[in-house]
Amino acid sequence: MTARIIDGKATAADLRAAVAVEARRIAAAHGLVPGLAVVLVGDNAASKAYVGSKSRAVVEAGMRPFDFHLPVATSANELLGLIGELNNDAAVHGILVQLPLPSQIDAARIITNIDPAKDVDGFHPLNAGRLASGLPALAPCTPVGCIKLAKAVHGSLSGLDAVVIGRSNIVGKPLAQLLLGENATVTIAHSRTRDLAGLCARADLLFAAIGRPEFIRGGWIRPGATVIDVGINRVAGDGGKSRIVGDVCFAEAVAVAGAITPVPGGVGPMTIACLLVNTLRAACMQAGLPVPEI
Ligand code: GUN
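All values reported here derive from a predicted model rather than from experimental measurement.

> Account for the site of the ligand, naming residues and giving values.
Close contacts around the ligand come from Leu96, Val97, Gln98, Leu99, Asp121 and Phe123, and that covers them all. One of the side-chain nitrogen or oxygen atoms of Gln98 is found 3.3 Å away from a nitrogen atom of the ligand. With respect to the ligand, the side chain of Asp121 contributes an N or O atom lying 2.6 Å from a nitrogen atom. Taking 280 Å² as the accessible area of the ligand by itself, protein coverage stands at 82%. Split into classes, the residues belonging to the shell around the ligand amount to four nonpolar, one polar and one charged.

> I'd like a description of helix α2 (residues 45–60), backed by residues and values.
For α2, spanning 16 residues, the distance from its first C-alpha to its last is 23 Å, which sits close to the expected 22 Å at 1.5 Å a residue. Within α2, burial applies to Ser47, Val51, Lys54, Ser55, Ala57 and Val58. When α2 is viewed along its axis, its buried side chains cluster within an angular range of 160 degrees and face the same direction. Pointing more than 90 degrees away from the buried face of α2 are the exposed residues Ala45, Arg56 and Glu60. Looking at the buried residues of α2, the elements they touch are α1 (8–30), β2 (35–41), β3 (64–70), β4 (94–97) and α10 (267–287). Phi turns positive one or two residues past the end of α2, at Gly62, with a value near 80 degrees.

> Can you break down the packing of aromatic side chains residue by residue, with the values?
A full pass over the atoms with the stated rule returns one aromatic pair. Pairing Phe215 with Trp220 gives two aromatic rings, centres 5.7 Å apart and planes at 85 degrees, and the pair type is edge-to-face. Here the guanidinium or amino end of Arg212 rests over the ring plane of Phe215, the centre of that ring lying 4.5 Å away.

Quick notes on the rules
Along every chain, residues carry numbers that run from 1 in the direction the sequence is written. Local features in a predicted model are, by the rule used here, given only for residues with pLDDT of at least 70; side-chain atom pairs are given and counted only at 80 or more, and totals for whole chains, interfaces and linings are based on all residues. To obtain the side-chain values, all non-hydrogen atoms of the structure were used and water was disregarded. A single heavy atom is enough: if one lies within 4 Å of a molecule or strand, its residue is considered near that molecule or strand. We define a polar contact as two N or O atoms separated by no more than 3.5 Å, with the added condition that, inside protein, one atom must be a possible hydrogen donor and the other a possible acceptor, whereas residues neighbouring each other in sequence contribute only through side-chain atom pairs. All accessible areas in this document rest on Shrake-Rupley with a 1.4 Å probe, and a residue is counted as covered only by the protein chains that are shown. Amino acid classes used here: Ala, Val, Leu, Ile, Met, Phe, Trp, Tyr, Cys and Pro are nonpolar; Asp, Glu, Lys and Arg are charged; the rest, including Gly, are polar. Every helix listed is a DSSP run of H or I at least four residues long, and every strand listed is a run of E at least two residues long, numbered separately from the N terminus. For a helix, the expected span equals 1.5 Å multiplied by the residue count minus one. Here the term buried applies to any residue with accessible area under 20% of the maximum for its type, exposed to any over 50%, and partly exposed to those in between, with areas from a 1.4 Å probe on protein chains only. What the arc covers is the set of directions going from the helix axis to the C-beta atoms. Only heavy atoms enter the contact rule, under which two residues are in contact if any of them lie within 4.5 Å. Each pair of aromatic rings taken from Phe, Tyr and Trp, with Trp reduced to its six-membered ring, is defined by centres within 6.5 Å and is described as stacked if the planes are under 30 degrees apart, edge-to-face if over 60, and tilted in the remaining cases. Two limits define a charge over a ring: the Lys NZ or Arg CZ must be within 6 Å of the ring centre, and within 35 degrees of the ring normal.

Okay, here's the thing in structure tokens:
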């Protein structure tokens, strides 16, 4: 059997187009142009590439970008000063501080100082708590993208056995909460989990977010399962070039799974599309407008 390849690029393009339609409608009807502030501290090459893609997507969706690039030696207080200004700027509806931050800045302190209403990353403890309580919340973009891809395959996730490998605040934990909200039966696994292969073998839905290149082998996967690979790992390739691989050994998994996301072109594009959705939602909520169902 060869798995169906889940085309995250195409799904993300559809989502971005839907956001652009709504953004145009809201601008015409209410004069509201959603604004997203993206803050990069330092010169991490991968982070630079990510924030560049985010800003381009914001413009394409008919929203307003506010880009800030601060030097690597920026202090926590300087960054908090900028966050305070953005919290008070009515034209800014969403604030994203790209992670990781340089070591002198405590990311948790920065995140908790972002206005929760503008927290389009969904990382603020208030939004994390609302998500865990089943209340409406701005939810983290990568997990939301994972759910949309799984639903593109299954329709309903109700009653399915889901295994999430990874327990980060950015992906693993919120993904588990979202899956519970979809009535899946959820197990969270991590680096100390015993018999990971045995656990994976039970999963109808397997989500890999551990940041270890090609760690999950094809033989661990239940035949016919849906595999969503969140990993983005740069490894040495042929001829001295590097290549990007996921947390799942794709070449093995594609022969066993029922459906699988490629890396690149799976979850990655969905993250940016879901960021646009969150920015649109945040802008509507701040303006007291109904939140579009996208
Ligand atoms: N770094 C890696 N992923 C993310 C993300 O989703 N949001 C932010 N702010 N930083 C990241």
